[in-house]
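# Overview (structure and organization)
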Amino acid sequence: IRVPPLHTCKDRQEDLKMGEPRMARVDVSILVREKGAKVKRGKYLYIIASKDFPKGPGNPISGSAYVENTTVNRMALQCLVDALQRIHRPSMVTIHTTSGYLQSGYRSLPEWKENGWTRKDKKELRNADLWQQADKLLSNHAVRFKMQI
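Residues numbered from 1 in each chain as written. Predicted model: local features only at pLDDT ≥ 70, side-chain atom pairs only at ≥ 80, totals over all residues. Heavy atoms only, no water.

### Description of the overall build of the protein chain
Heads up, the condition is: Counting from the N terminus, the helices are the DSSP runs of H or I reaching at least four residues and the strands are the DSSP runs of E reaching at least two. Type-normalised accessible area, obtained with a 1.4 Å probe on protein chains alone, sets the label of each residue: buried when under 20%, exposed when over 50%, and partly exposed for intermediate values. A 1.4 Å probe and the Shrake-Rupley method give the accessible areas. Residues count as covered only by the protein chains that appear here.
Each helix and strand counted, the protein chain has four helices and five strands in total. Within the protein chain, the fraction of its 149 residues that count as buried is 42%. With the model as given, the accessible surface of the protein chain reaches about 9200 Å², and the carbon-plus-sulfur share is 50%.

This is the structure:
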């Protein structure tokens, strides 16, 4: 399933024609192997790959962490935030994930911000702290999601 991103790569490409420096193309893979809603102890992994990074092709950046007493959705979101913290310049970011939670949450960011980081029905937004971090980290990038099976 392909969902159009909020900040499309095409929009950013138009900006490039107006004299902005060339954006790096970056692939971020988010890997969370846990199943079920609650996780007593789990591990996530991210891999960032780009032929445009100074290290050059074939040198991906990766990171991982163990987390305890959390949810699979929070693990995936924390993994995304950790990965985005490693990308320091505006980039065309493709996020590869199996998490529909990340993709649908990304689409909902403008609405949540407008509602003071609450849901439409004014109920508490789960993981609002991480969504706020993700929003800030994604703001300088052209973003699209690629759902993995």
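### A look at the pairing of strand E2 (residues 38-49)
Worth spelling out the cut-off: Here a strand pair is declared whenever DSSP counts at least two bridges between the two strands.
Both strand E1 (residues 24-32) and E2 contribute to a ladder of six bridges, which runs antiparallel. Bridge pairing links Ile30 to Tyr46 in E2. Where E1 hands over to E2, the hairpin turn is made up of five residues, of which Gly36 adopts a positive phi near 90°. As judged from the ten bridges shared by E2 and strand E3 (residues 61-71), these two strands associate in the antiparallel manner. Bridge pairing in E3 places Tyr44 opposite Ala65.

### Points about the packing of aromatic side chains
The following threshold applies: Ring pairs are drawn from Phe, Tyr and Trp, using the six-membered ring of Trp, whenever the two centres fall within 6.5 Å, and their geometry is named by plane angle: stacked under 30 degrees, edge-to-face over 60, tilted for the rest. Two thresholds decide whether a charge sits over a ring: the Lys NZ or Arg CZ must be within 6 Å of the ring centre and within 35 degrees of the ring normal.
This model, assessed by the stated rule, comprises three aromatic pairs. Geometrically, the ring pair formed by Tyr106 and Phe145 is tilted, given 5.4 Å between the ring centres and 45° between the ring planes. Of the two residues, Tyr106 sits in helix H3 (residues 100-114) while Phe145 sits in strand E5 (residues 142-147), which places them 39 residues apart along the sequence. No difference in accessibility class separates Tyr106 from Phe145, as the two residues are buried. In textbook terms, an aromatic cluster arises when at least three aromatic residues are bridged by ring pairs, as seen for Tyr101, Trp112 and Trp131. Just above the ring of Tyr66 sits the side chain of Arg41; from NZ or CZ to the centre is 4.4 Å.

### Some words on helix H2 (residues 72-84)
Selection rule: The length a helix should cover is 1.5 Å for every residue beyond the first. Note on definitions: a residue-residue contact is assigned when non-hydrogen atoms from the two residues lie within 4.5 Å.
The first and last C-alpha atoms of H2 sit 18 Å apart over 13 residues, in line with the 18 Å expected at 1.5 Å per residue. In terms of burial, H2 is a largely internal element, ten of the 13 residues being buried. Along H2, the residues that are buried comprise Val72, Met75, Ala76, Leu77, Cys79, Leu80, Val81, Asp82, Ala83 and Leu84. Residues of H2 that are buried in the fold lie against E1, E2, E3, strand E4 (91-97), H3 and helix H4 (128-138).

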